[in-house]
Amino acid sequence: MLVLGLPRGGVAVAAPVAAALGGELDVLVVRKAGVPWQPELALGAVTASGHRVVNDAVVRGVRLRPTELEWVLRRAQEEAEGKERLLRGDRPPPRLEGRTVVLVDDGIATGATVRAAAELLVTADPRPRQVVVAVPVGPRETVEELERVADVVVVLERPATFQAVGEWYGDFTQVQDDDVRALLKP
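This structure is a prediction, so every number in the text was calculated from the model and none was measured.

Undergrad: Please explain the overall build of the protein chain as it appears in this structure.
TA: Tallying secondary structure elements over the protein chain gives six helices and eight strands in all. From first element to last, N terminus to C terminus, the protein chain shows the α and β order β-α-β-β-β-β-α-α-β-α-β-α-β-α. Against the compact-globule benchmark of 16 Å for 186 residues, the protein chain has a radius of gyration of 16 Å, which places it among compact chains. If one aligns the C-alpha atoms of the protein chain with their principal axes, the spans along those axes are about 45 × 40 × 30 Å. The buried share of the protein chain, reckoned over its 186 residues, is 46%. The contacts of the protein chain with a sequence gap of at least 6 include a subset with a gap of at least 24, amounting to 60%. Split by element, the accessible area of the protein chain, about 9,800 Å² in all, is 50% carbon and sulfur. Between the centroid of the 23 positive side chains of the protein chain and the centroid of its 27 negative side chains there is a distance of 3 Å.

Undergrad: What should I look at first to understand the pairing of strand 8 (residues 152-157) in this one?
TA: Along any regular strand the residues' side chains alternate between the sheet's two faces. Pairing of strand 7 (residues 130-137) with strand 8 involves five bridges; the strand directions are parallel. Across the sheet, the residue bridging to Val132 is Val152, located in strand 8. Since strand 7 and strand 8 lie parallel, the crossover through helix 5 (residues 140-147) that links them has a hand, and here it is right-handed.

Undergrad: Can you walk me through helix 3 (residues 66-88) in this structure?
TA: For an α-helix, the turn length of 3.6 residues means that residues three or four places apart are oriented alike. When the terminal C-alpha atoms of helix 3 are compared, their 32 Å separation across 23 residues agrees well with the 33 Å that a helix rising 1.5 Å per residue should span. Leu69, Val72, Leu73, Ala76, Gln77, Ala80, Lys83, Leu87 and Arg88 are the residues of helix 3 that are buried. Check the buried side of helix 3 and you find it contacts strand 2 (24-27), strand 3 (30-35), strand 4 (38-47), strand 5 (52-54), helix 2 (56-61) and helix 6 (177-184).

Undergrad: What is the right way to read the nonpolar core from this model?
TA: Inside soluble globular proteins, nonpolar side chains tend to come together where they are buried. Core analysis: the largest hydrophobic core is formed by 28 residues, its most contacted members being Leu103, Leu121 and Val133. Elements that contribute at least two residues to this core include exactly strand 1 (2-5), strand 6 (100-104), helix 4 (112-122), strand 7, helix 5 and strand 8. Top contributing element to this core by residue count: helix 4, with seven residues. In this structure, Val133 is in contact with Leu103, Val114, Ala118, Leu146, Ala150, Val152, Val153 and Val154, ignoring residues within four places of it in sequence. One finds Val11, Ala48, Val180 and Leu184 within the second-largest nonpolar core, a separate group that totals 18 residues.

Undergrad: Explain the sheet that holds strand 6 to me, please; I cannot follow it from the model alone.
TA: The strands making up a sheet are joined through hydrogen bonds of the backbone, oriented either antiparallel or parallel. Read from one edge to the other, the open sheet built from five strands follows the order 2-1-6-7-8, with strand pairing classed as parallel. Two strands bound the open sheet, and with one partner strand each, they are strand 2 and strand 8. Taking each pair of neighbouring strands and ignoring which way they run, the sheet shows an average axis angle of 20°. In this fold helix 4 packs onto strand 1, strand 6 and strand 7, with an angle of close to 170° to the strand it touches most, strand 6.

Undergrad: Which parts of the structure should I look at to understand the pattern of salt bridges?
TA: Any two side chains of opposite charge can pair if their charged atoms end up close together. Under the criterion given, the structure shown has 15 salt bridges. The salt bridge involving Glu24 is made with Arg99; its shortest N-O contact spans 2.8 Å. Taken together, the residues span a long stretch of sequence, with Glu24 in strand 2 and Arg99 in the loop between helix 3 and strand 6 at a distance of 75 residues. A relative accessible area of 11% places Arg99 in the buried class. For Asp177, the salt bridge goes to Lys83, with nearest N and O atoms at 2.9 Å. Of this pair, Asp177 sits in helix 6 while Lys83 sits in helix 3, placing them 94 residues apart in sequence. Like Lys83, Asp177 is buried. Residues participating in the shared-partner salt-bridge network are Arg8, Lys83 and Asp177.

Calculation criteria
- Residues numbered from 1 in each chain as written.
- Predicted model: local features only at pLDDT ≥ 70, side-chain atom pairs only at ≥ 80, totals over all residues.
- Heavy atoms only, no water.
- Helix = DSSP H or I, 4+ residues; strand = E, 2+ residues; numbered from the N terminus.
- Rg over C-alpha atoms; globule rule 2.2 N^0.38 Å.
- Buried < 20%, exposed > 50% of the residue type's maximum accessible area, 1.4 Å probe, protein only.
- Contact = heavy atoms within 4.5 Å.
- Areas by Shrake-Rupley, 256 points an atom, 1.4 Å probe, with all protein chains shown as cover.
- Lys, Arg positive; Asp, Glu negative; His and termini not counted.
- Charge placed at Lys NZ, Arg CZ, Asp CG, Glu CD.
- Pairing = 2+ DSSP bridges.
- Right-handed = clockwise from strand over helix to strand, strands pointing away.
- Expected span 1.5 Å × (residues − 1).
- Core = buried A, V, L, I, M, F, W, Y, C linked by side-chain atoms within 4.5 Å.
- Axes fitted to C-alpha atoms, helices over the stretch in contact; angles between N-to-C directions.
- Salt bridge = Lys/Arg side-chain N within 4 Å of Asp/Glu carboxyl O.

In short, geometric facts, not functional conclusions.
Following this line, the structure appears as structure tokens:
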């Protein structure tokens, strides 16, 4: 079994999951692509390998031109590539073929980053045996969207009203890169 955490908080949640399941822990880097003048508003996400998920409704709503969208996605991919080098170092990517892969994050809001990661895994060639998304909390509609992508979605809390992931934690201090690298050491 392979447990992949999304940086950075997802790796901190994935570490005890991997330990409990006796699985291998690794990281899958995905970057949110935000609206240029409102970076916290996700218009999509991109993996370090270039897999993209775009929220067309947001792109239409903010009237982003195709050239602007391409610039945002390219920049997010470059950031993802740099973060992957920082966190994984020179370790080869983990083997996916025939394995159950559990994709973990610290929670989902819009679901763009988790969706990009899940889509990357389910379209991998060769494909994992099973792709499981596991998060502590996420809004019902986003979870339902993920259920159409992953083989299994496990969410501990699906609140009817949802504002932000951080509201479900007593301490939502940002996990640092050094902490992630320490968790990933074999």
